[in-house]
Amino acid sequence: MNIVPMHQAKSSLSQLVKRAAGGETIFIGSYGRAEAVLKSAASAKPKKRLGLLKGKLIVPDDFDAPLPPEFLAAFEGNEE
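Quick summary incoming for the structure in this document. Since the model is a prediction, treat every value here as computed from it, not as a measurement.

A few words now on the overall build of the protein chain. When helices and strands are tallied, the protein chain shows three helices and three strands. In sequence order, the protein chain lays out its α and β elements as β-α-α-β-β-α. For 80 residues, the compact-globule estimate of 2.2 N^0.38 gives 12 Å, and the protein chain exceeds it by more than 25% at 28 Å. Seen along its three principal axes, the alpha-carbon backbone of the protein chain occupies a region of about 80 × 30 × 20 Å. Scored against the burial criterion, the 80 residues of the protein chain give a buried share of 14%. Counted over contacts in the protein chain with a minimum sequence separation of 6, partners at least 24 positions apart contribute 26%. When the accessible area of the protein chain is evaluated, it comes to approximately 7,500 Å², of which 58% is carbon and sulfur surface.

Structure follows, in structure tokens:
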């Protein structure tokens, strides 16, 4: 892990951003200890939000009931 000193990061921020945009992860810190990470925004994945639609969708009781014969015939190409 290569750590870029804080002063160097301030003076070469545009080059560091270009390197990060290219896929490199850059650690910034002082005294040999990483204090921040610079990486591409494209690599950041949005967090999944479970339950986002809770209470907004209604599933009918007969959701998994068999389809009427005329619907089945239409799906199978046996329209009369």
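Don't stop here, the text continues.
What follows deals with the pattern of salt bridges. In the structure shown here, the tally under the stated rule is two salt bridges. We note a salt bridge from R19 to E24, for which the minimum N-O separation is 2.7 Å. The class for E24 is partly exposed, based on a relative accessible area of 34%. Taking the shortest distance from any N to any O, the salt bridge between E35 and R33 comes out at 3.7 Å. You can call R33 exposed: its relative accessible area is 57%.

Another aspect to go through is the sheet that holds strand β2 (residues 26–30). The strand order across the open sheet formed by three strands is β1-β2-β3, and the pairing between neighbours is mixed. If you trace the sheet from one side to the other, it starts and ends with β1 (3–5) and β3 (33–38), each paired once. Within the sheet, the average angular offset between the axes of one strand and its neighbour, ignoring direction, is 45 degrees. Pairing of β2 with β3 involves five bridges; the strand directions are antiparallel. Residue pairing in the sheet places I26 in a bridge with L38 of β3.

Okay, unusual backbone geometry next. Located in the positive-phi region is Y31, a residue other than glycine, with phi close to 55 degrees. Structurally, Y31 is set in the loop between β2 and β3. Judged by its relative accessible area of 84%, Y31 is exposed.

Reading the values: the criteria
Residues numbered from 1 in each chain as written. Predicted model: local features only at pLDDT ≥ 70, side-chain atom pairs only at ≥ 80, totals over all residues. Heavy atoms only, no water. Helix = DSSP H or I, 4+ residues; strand = E, 2+ residues; numbered from the N terminus. Rg over C-alpha atoms; globule rule 2.2 N^0.38 Å. Buried < 20%, exposed > 50% of the residue type's maximum accessible area, 1.4 Å probe, protein only. Contact = heavy atoms within 4.5 Å. Areas by Shrake-Rupley, 256 points an atom, 1.4 Å probe, with all protein chains shown as cover. Salt bridge = Lys/Arg side-chain N within 4 Å of Asp/Glu carboxyl O. Pairing = 2+ DSSP bridges. Axes fitted to C-alpha atoms, helices over the stretch in contact; angles between N-to-C directions.

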